[in-house]
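Understanding the architecture of this molecule
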Amino acid sequence: MTEPAGYVSIVLHAHLPFIRHPEHPTFLEENWLFEAITDCYIPLLTVFRGLARDRVPWRLTMSITPPLAAMLSDSLLQDRYVRHIEGLIDLARREVDRTKDDPAFNRLAHMYVERFTHAHRMFNDEYGRDLLSAFALWQQKGHLEIIASAATHGYLPLLDPNFDWVKAQIDIGVEAYRRAFGRRPKGFWLPECGYAPPMDEMLAANDVRYFLTESHGLLHAVPRPRHGVYGPIYCPSSGVAAFARDIESSKQVWSATEGYPGDFDYREFYRDIGYDLDYEYVRPWLKADVRSNIGIKYYRITGPDGHGHKKPYDPDRAREKAALHAGNFMFNRELQVKHLRSLMDRPSLIVAPYDAELFGHWWFEGPQWLDFLLRKIAYDQSTFRLATPSDYLEMFPSNQVARPSPSSWGYNGYSEVWLGGSNDWIYRHLHMTGQLLLDLVRQIDWPAPVVRRALNQALRELLLAQSSDWAFIMSTDTHVPYAVKRTKEHLSNCQELCRQIAEGHVDEHRLRQLESRHNIFPWLDYTVLRQQKGAGHHPAPGA
Amino acid sequence: MHTSTKYDLPAAYGVTFLTLLVRDPQCIFAFWEVSADDRRHAEQYARRQCSGDGQARLVLRMYDVTNGEKYLFDIDVTDEQSRYIFFDAPGRTYRASIGVQTEGTIDCFTVIAESNTVRTPPGRPSDIMEAEWMSFQQLFHPETVGKGASPVPKSLPLHFFWHYKSDAYSPGFTSMEGSD
């Protein structure tokens, strides 16, 4: 096979914050996971099966973060998802009846019955409720490269000026990966692409070979990288490779103005029967009787006016458009790769990372687009080939040595999404509570079993408080009270546990309650913190 | 926006610290706490040392420590516990002190806490063009460099480095809920 002019890495970043409320029979924010399972994860797995069935060669990179992996493996959430999807099948059947006199809507109601029934069958029967193993299988078959991420998706540049908690997030994230996927990760998704030195050294300590940054992580690297974003650099002291997001391919999918998902033929996300239909009719499917998205949407975007008259969704028309957009994306990459080939001494690498949840949830046709794209790349062109970042490193092990610039893929490219008027108050508490726990770990040598459990739970609580999601949500205008509550709840739980440990009176009843509610990482061992420099050196027993 | 919950956190931790966080190439966020004891001791010390009994103000003092230490400016921080500080030049290294500024016969500054040191991002492509080109192996075994190290290729044209504009950000799953 002749060498292609370039390579393309499509990276799907799958992440949701850890949301699990056994203390309530149903909980609104648990729906995020359920919607993502129905809209994104099962459709993606279905695309992968179809490609394998048709023997289409494909190669993708995907990060599945530890909180998402923990939720996908949690039996309570699995049970609740089955109940949730059964409820939707019931509602969609009622919708078939309600719309029987309106062919355009009736056809869509049938589509939802089929879609939800498929999701139920795949989840329950085909995958035995275990989607994590379903993704892991594609890694074993050599199509998917799954990469690790930070323990609870903490936004690392702001987490701790001493980097002790950055190291903890990375070390525990790698351990969570090893337990979920039975191997060590080659690559690491820095949450929100937030990079600052010396994170690369902490990745190197875990044998991670590469991470991804926003474009200017490489464009502003020192010295200036000769290949711009079209090839990796090695960080000077760690040797970990940094790959950067390509701007053109990102824009085509992400951009609110120019991106594919805004096409007028695609399904309108913001018109959902949870808001559109009679309240009493939809109430049984709403959580806490509050109007919210249910997942049955009948309209297409139709035009530029968000509030204008919307036309019914036409799946055939949308499918045609998804095929057209896949062709357009491929064509643009071919042009880009050919142009770069004339400027570079070797084939370029275009890195195109996206939130996995964009595909199917916000952009309903996203999985279809990906399906068309992967098939077209395999059969309709020979200019470029799909490769993961680690494939590229294998082929091109010699790279420039340069120091990446601190950066993130958040608005304006740095930290202002997670550090502004709405959320800056959290850092005082995160840092102080973190120091409190590290100090405690330093003081305690041979804890009694209950103290050990309390230390482990205190660590769980703090990690959960560190999730970037809470600060992000506070910067938006929906679900803010929930994000504030979660931040305060986990911090206050951690502080309370630390106080009890210091005073020598662990409330075991309360501890059991927290262990069962916030049960992420049941294997977690607080002694991982002893490796942090802020926790000091521990003398040998009897010393 | 804060909501009151049963999980209210302490308003103060009774300790003294000063922390700097980098927000972007031209802005850092400083936050601190000065315990009542530390402040009182600093004021007493300052009055003794500075031979005056004038007003003692709590002050944040900024230094540029990129090349040696250079005093930048003071910010009066009477009742605040945090402040965004803006700079013209990106790519600099800063540190700060918080202390008591006493006006008397000799103006003097008594330090209560020192911050961490932070470096702001360069915010632009580097002018440094020298390139080391190595394999992973060569990076950790410098003795092999020069014995088969790859030739350094020419750079992409400059315009490739200047077109970054962040309007391609993920809308985020968790912000999607709710009707427009």
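Residues numbered from 1 in each chain as written. Chains lettered and ligands numbered in written order. Predicted model: local features only at pLDDT ≥ 70, side-chain atom pairs only at ≥ 80, totals over all residues. Heavy atoms only, no water.

Counting secondary structure elements, chain A contains 19 helices and ten strands. Taking 543 residues into account, the globule formula puts the C-alpha radius of gyration at 24 Å, and chain A, at 24 Å, falls close to it. Considering only C-alpha atoms, chain A reaches an extent of 80 × 65 × 45 Å along its principal axes. Counting the 543 residues in chain A, one finds 67% classified as buried. Within chain A, residue pairs in contact and separated by at least 24 positions form 79% of the contacts whose partners lie at least 6 positions apart. Per element, the accessible surface of chain A, about 18,800 Å² overall, is 51% carbon and sulfur. (Helix = DSSP H or I, 4+ residues; strand = E, 2+ residues; numbered from the N terminus. Rg over C-alpha atoms; globule rule 2.2 N^0.38 Å. Buried < 20%, exposed > 50% of the residue type's maximum accessible area, 1.4 Å probe, protein only. Contact = heavy atoms within 4.5 Å. Areas by Shrake-Rupley, 256 points an atom, 1.4 Å probe, with all protein chains shown as cover.)

Many analyses report the size of an interface as the accessible area lost when the parts associate. With 96 residues of chain A at the contact, the number on the chain B side is 70 residues. Of the roughly 7,600 Å² buried where chain A meets chain B, counting both sides, 63% is carbon and sulfur surface. Looking only at chain A, the three residues that lose the most surface to chain B are Arg224, Arg226 and Arg428 of chain A, adding up to 13% of its buried area. At the junction of chain A with chain B, the criterion picks out one salt bridge. (Buried area = accessible area lost by both parts, 1.4 Å probe. Salt bridge = Lys/Arg side-chain N within 4 Å of Asp/Glu carboxyl O.)

Let us now look at the packing of helix α1 (residues 31-53) of chain A against helix α3 (residues 75-98) of chain A. Residue and element names in this part refer to chain A. Interhelical geometry of α1 versus α3 gives an angle of 75° and a closest axis separation of 10 Å. Put simply, α1 runs roughly perpendicular to α3. Judged by residue contacts, Asn31, Leu33, Phe34, Ile37, Thr38 and Ile42 of α1 engage Leu77, Arg80, Tyr81, His84 and Ile85 from α3. Within the contact of α1 with α3, the residues separate by chemical class into seven nonpolar, three polar and one charged. (Axes fitted to C-alpha atoms, helices over the stretch in contact; angles between N-to-C directions. Parallel < 35°, antiparallel > 145°, perpendicular 65-115°, else oblique. Nonpolar A, V, L, I, M, F, W, Y, C, P; charged D, E, K, R; others polar.)

Residue and element names in this part refer to chain A. This structure, assessed with the given rule, holds 40 aromatic pairs over all chains. Between Phe269 and Tyr270, the aromatic rings sit 5.2 Å apart at their centres with planes inclined by 85°, giving edge-to-face as the arrangement. Residue class for Phe269 comes out buried when judged on its relative accessible area of 4%. For Tyr270, a relative accessible area of 25% translates into the label partly exposed. Ring geometry for Trp470 versus Tyr482: centroids 6.0 Å apart, planes at 80°, classification edge-to-face. Placement of Trp470 in helix α17 (residues 468-474) and of Tyr482 in helix α18 (residues 480-503) is noted, with a sequence separation of twelve residues between them. Tyr482 carries the same exposure label as Trp470, and that label is buried. A cation over an aromatic ring shows up here: Lys141 above the ring of Trp138, its NZ or CZ 5.1 Å from the ring centre. Of note, Arg271 hangs over the ring of Tyr299, and the distance from its end group to the ring centre comes to 4.4 Å. (Phe/Tyr/Trp six-rings, centres within 6.5 Å; stacked < 30°, edge-to-face > 60°. Lys NZ or Arg CZ within 6 Å of the ring centre and 35° of its normal.)

Moving on to the nonpolar core. Among the nonpolar cores identified, the biggest contains 211 residues, and Tyr41, Trp369 and Leu437 of chain A are the most heavily contacted of them. Ranked by the residues each element gives to this core, the list is headed by α1 of chain A, at 13 residues. The residues touching Trp369 of chain A, leaving out its near neighbours within four places in the chain, are Val253, Tyr260, Ala322, His325, Ala326, Phe329, Phe359 and Trp363 of chain A. Counting residues in hydrophobic clusters, the runner-up holds 23 residues, among them Leu18, Ala30, Val34 and Ala42 of chain B. (Core = buried A, V, L, I, M, F, W, Y, C linked by side-chain atoms within 4.5 Å.)

Let us look at the pairing of strand β8 (residues 348-355) of chain A. Residue and element names in this part refer to chain A. For β8, a buried count of eight out of eight residues is recorded, marking the element as mostly surrounded by other parts of the structure. Where strand β1 (residues 6-14) and β8 come together, eight bridges link them in parallel fashion. Following the sheet pairing, Gly6 is matched in β8 by Ser348. (Pairing = 2+ DSSP bridges.)

Residue and element names in this part refer to chain A. Summarising the element assignment, Asp265 is placed in the loop between α9 (247-254) and α10 (273-276). Within the local environment of Asp265, its side chain forms a polar contact with the side chain of Arg317, the two groups lying 3.0 Å apart. Every residue in contact with Asp265, bar those within four places of it in the chain, is listed here: Arg300, Tyr313, Arg317, Ala318 and Lys321. (Polar contact = N/O pair within 3.5 Å; in protein donor to acceptor, adjacent residues only side chain to side chain.)

All names here are of chain A. Pro198 follows Pro197 through a cis peptide bond whose omega is 5°. Following the sequence through the fold, Pro198 ends up in the loop between β4 (187-189) and α7 (199-204). With an omega dihedral of -10°, the bond running from Val222 to Pro223 counts as a cis peptide bond. Along the polypeptide, Pro223 turns up in the loop between α8 (215-219) and β6 (233-234). You will see that His153, though not glycine, has its phi angle at about 60°, which is positive. Following the sequence through the fold, His153 ends up in the loop between β3 (144-149) and α6 (164-181). Residue Asn412 is not a glycine yet carries a positive backbone phi of 70°. The topology assignment puts Asn412 in the loop between β10 (398-401) and α15 (426-443).

So far we have only geometry, and geometry alone does not tell us how the molecule works.
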